[in-house]
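Listed below, chain by chain, are the residues.
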Amino acid sequence: MPDSQTFDAVVLGAGPGGYVAAIRLAQLGKSVALIEEKYWGGVCLNVGCIPTKALLKNAEVASLVTTEAAHYGIGGEITVDYSAAFNRSRQVSEGRVKGIHYLTKKNGITEFEGRGTFLSANSISVATASGDVVINFTNAIIAAGASPRQIPGIAFTERVVNYEQQILSQELPKSIVIVGAGPIGVEFAFVMSSYGTEVTIVEAQDRALPLEDADTSKEIAKLLRSKKINLLTGASLAGIDETTDAVTVNLNLANGEAKQLVAEKAMIAIGFGANVTGYGLENTGVELAPNKTIQVNSHLQTNVSSIYAIGDVTGKMQLAHVAEHQGVVAAETIAGAEPAGIDDYRAMPRAIFTTPQVASFGPTEEQARAENAELLVSKFSMVANGKAHALGVPAGFVKLIADAGTRKLIGAHIVAADASELIAELTLASSAGVSIDDMNHNVHIHPTLSEGIQEAIHGLVGEMINA
Ligand SMILES: Cc1cc2nc3c(=O)[nH]c(=O)nc-3n(C[C@H](O)[C@H](O)[C@H](O)COP(=O)(O)OP(=O)(O)OC[C@H]3O[C@@H](n4cnc5c(N)ncnc54)[C@H](O)[C@@H]3O)c2cc1C
């Protein structure tokens, strides 16, 4: 007979969704079991958000001391070593993972390491190193994450890789074709090209970052060109042929022609599918949405009232901070704290950590025009921002979209140094319903990048100063 234990709540998966939900449940007085089979801290801390940001920092420095050396008065023979960047990214990741165990211990959460498989809507079995454990629970939160999508007929190999294989590789190829110009494709392109890899990104849509505002895509295309990254849009993947030392990527172009690209490696970055198989979901009665994600309501509850799902497995917006917020809402709902539900995922901020960065929330201008009768749109060029010049990143813009009737902000699209840090002021103003007329009187420190926001708000009410 396997060991059997009982908890108020079980959380399956210790990524940013799961570990945050477990902590919030424990803070609210629940006994909590947290189950993880591989990555404490999930994709984000181990092979996603955190190590990529460490790599991007090294890449920025590498660019600075090579292509921009003269500009900063750096001379002599300079070499940049990707293995040092790799080692730093692993150290940063490992440190953050230790922090997760510290937090679970501090909050009295019981960790179970091993694969969890639901036996019913009230019990789950965990295959730990010391044998199977059956956990009985009142509530469960599924935070099982997502896995990279693959193109049918193409397997991941040593040369045709996904993000995880690439980020865990200490070496960079001399040349690579990245399939997919979304955030992950673009971030990896930045890292690799900064260390001299010849990068081509191919994208089936007609622009890079196709889910972002069209102006953002244009700015990113410029940036990619300046980094000598080739961008081929309107190109869909027909297949990949592999030899012992190269890959040939076969493409169908929008004009009907075929094209072949030869490189040392190919990386597929075409998005993620929710993890919904292989852990007994069928034993719980939990239903899937048509797009094969776990269907949840605004409080993250599935059709089985005792079971919740959060994070990438819900496919709402596959970002760490969204998973964390969903985790808090699910935990508080279970504990009877009656939090506000999440109805509008488009209002959540999103970012891409290139130099300059991209950050946005709300609809693109095109979407907003299709949805709103009257809009106010203002765009301030960061070329007119003093701090952007002082930082050596005088590029990008702040574009704000407001409803002309309510005079409230409905969206923002920023390309600027540290854009990911700038956006929070705008999401707060939008969610709190602050009017653009009130925002117009909010004084920003000089010289700061956030003056770009101030200028764009001036533009919304009619009077930009530095433009
Ligand atoms: C390269 C890359 C860069 C990214 N950068 C950013 C970024 O900068 N900002 C951002 O917001 N997001 C970023 N993301 C997305 C972010 O990593 C995810 O949105 C986030 O990790 C989702 O959290 P989660 O808790 O839903 O799932 P995950 O982090 O995927 O965690 C799920 C966990 O569940 C475990 N698990 C699954 N099934 C079982 C089972 N049956 N038994 C036991 N354990 C199980 C898995 O091992 C995993 O550890 C990035 C992703 C990638 C790939």
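So, here is what we can say about the structure in this document. (Residues numbered from 1 in each chain as written. Predicted model: local features only at pLDDT ≥ 70, side-chain atom pairs only at ≥ 80, totals over all residues.)

Describing unusual backbone geometry
Between Thr355 and the following residue, Pro356, the backbone shows a cis peptide bond with an omega angle of -5 degrees. Assignment of secondary structure puts Pro356 in the loop between strand S18 (350-352) and strand S19 (357-361). Within the chain, Leu209 stands out as a residue other than glycine whose phi angle is a positive 45 degrees. Within the secondary structure, Leu209 is located in the loop between strand S10 (198-203) and helix H7 (214-226). The backbone of Leu300 sits at a positive phi, close to 70 degrees, despite the residue not being glycine. Locating Leu300 in the fold gives a position in the loop between strand S16 (272-274) and strand S17 (307-309). (Helix = DSSP H or I, 4+ residues; strand = E, 2+ residues; numbered from the N terminus.)

Details of the site of the ligand
Around the ligand, the surrounding shell holds 36 residues, and the nearest of these are Gly13, Gly15, Gly42, Gly145 and Gly311. For the shell around the ligand, the secondary structure elements donating two or more residues are helix H1 (16-27), strand S2 (32-36), helix H2 (42-47), helix H3 (49-65), strand S4 (115-118) and helix H8 (320-334). Taken together, the residues of the shell around the ligand sort by class into 18 nonpolar, 13 polar and five charged. (Near = placed C-beta within 6 Å. Nonpolar A, V, L, I, M, F, W, Y, C, P; charged D, E, K, R; others polar.)

Focus: the nonpolar core
Grouped together as the largest cluster of nonpolar side chains are 140 residues, with contacts concentrated most on Val10, Val11 and Ala266. If we ignore the near neighbours within four places in the chain, the residues touching Val10 are Ala33, Ile35, Ile124, Ile135, Phe137 and Ala140. (Core = buried A, V, L, I, M, F, W, Y, C linked by C-beta atoms within 7 Å. Buried ≥ 20, exposed ≤ 12 C-beta atoms within 10 Å, placed from the backbone. Contact = placed C-beta atoms within 7 Å.)

Looking at the packing of H1 against H8
Two numbers describe how H1 lies on H8: the axes approach to 7 Å, and their chain directions differ by 30 degrees. It follows that H1 is roughly parallel to H8 by the angle criterion. Judged by the sense of rotation from one axis to the other, the crossing of H1 with H8 is right-handed. The segment H1 lies against H8, with Pro16, Gly17, Gly18, Val20, Ala21, Arg24 and Leu25 engaging Ala320, Ala323, Glu324, Gln326, Gly327, Val328, Ala330, Ala331, Glu332 and Ile334. (Axes fitted to C-alpha atoms, helices over the stretch in contact; angles between N-to-C directions. Parallel < 35°, antiparallel > 145°, perpendicular 65-115°, else oblique. Left-handed = near helix turned anticlockwise from the far one by under 90°.)

Considerations on the environment of Thr138
With respect to the element layout, Thr138 can be found in strand S6 (residues 131-142). Under the C-beta neighbour-count criterion, Thr138 is labelled partly exposed, with 14 such atoms within 10 Å.

So, helix H6 (residues 183-194)
Here H6 spans 17 Å end to end across twelve residues, near enough to the 16 Å set by a 1.5 Å rise per residue. For H6, a buried count of twelve out of twelve residues is recorded, marking the element as mostly surrounded by other parts of the structure. Restricting attention to buried positions, one finds in H6 the residues Pro183, Ile184, Gly185, Val186, Glu187, Phe188, Ala189, Phe190, Val191, Met192, Ser193 and Ser194. After H6 finishes, the residue Gly196 shows a positive phi value of roughly 95 degrees. (Expected span 1.5 Å × (residues − 1).)

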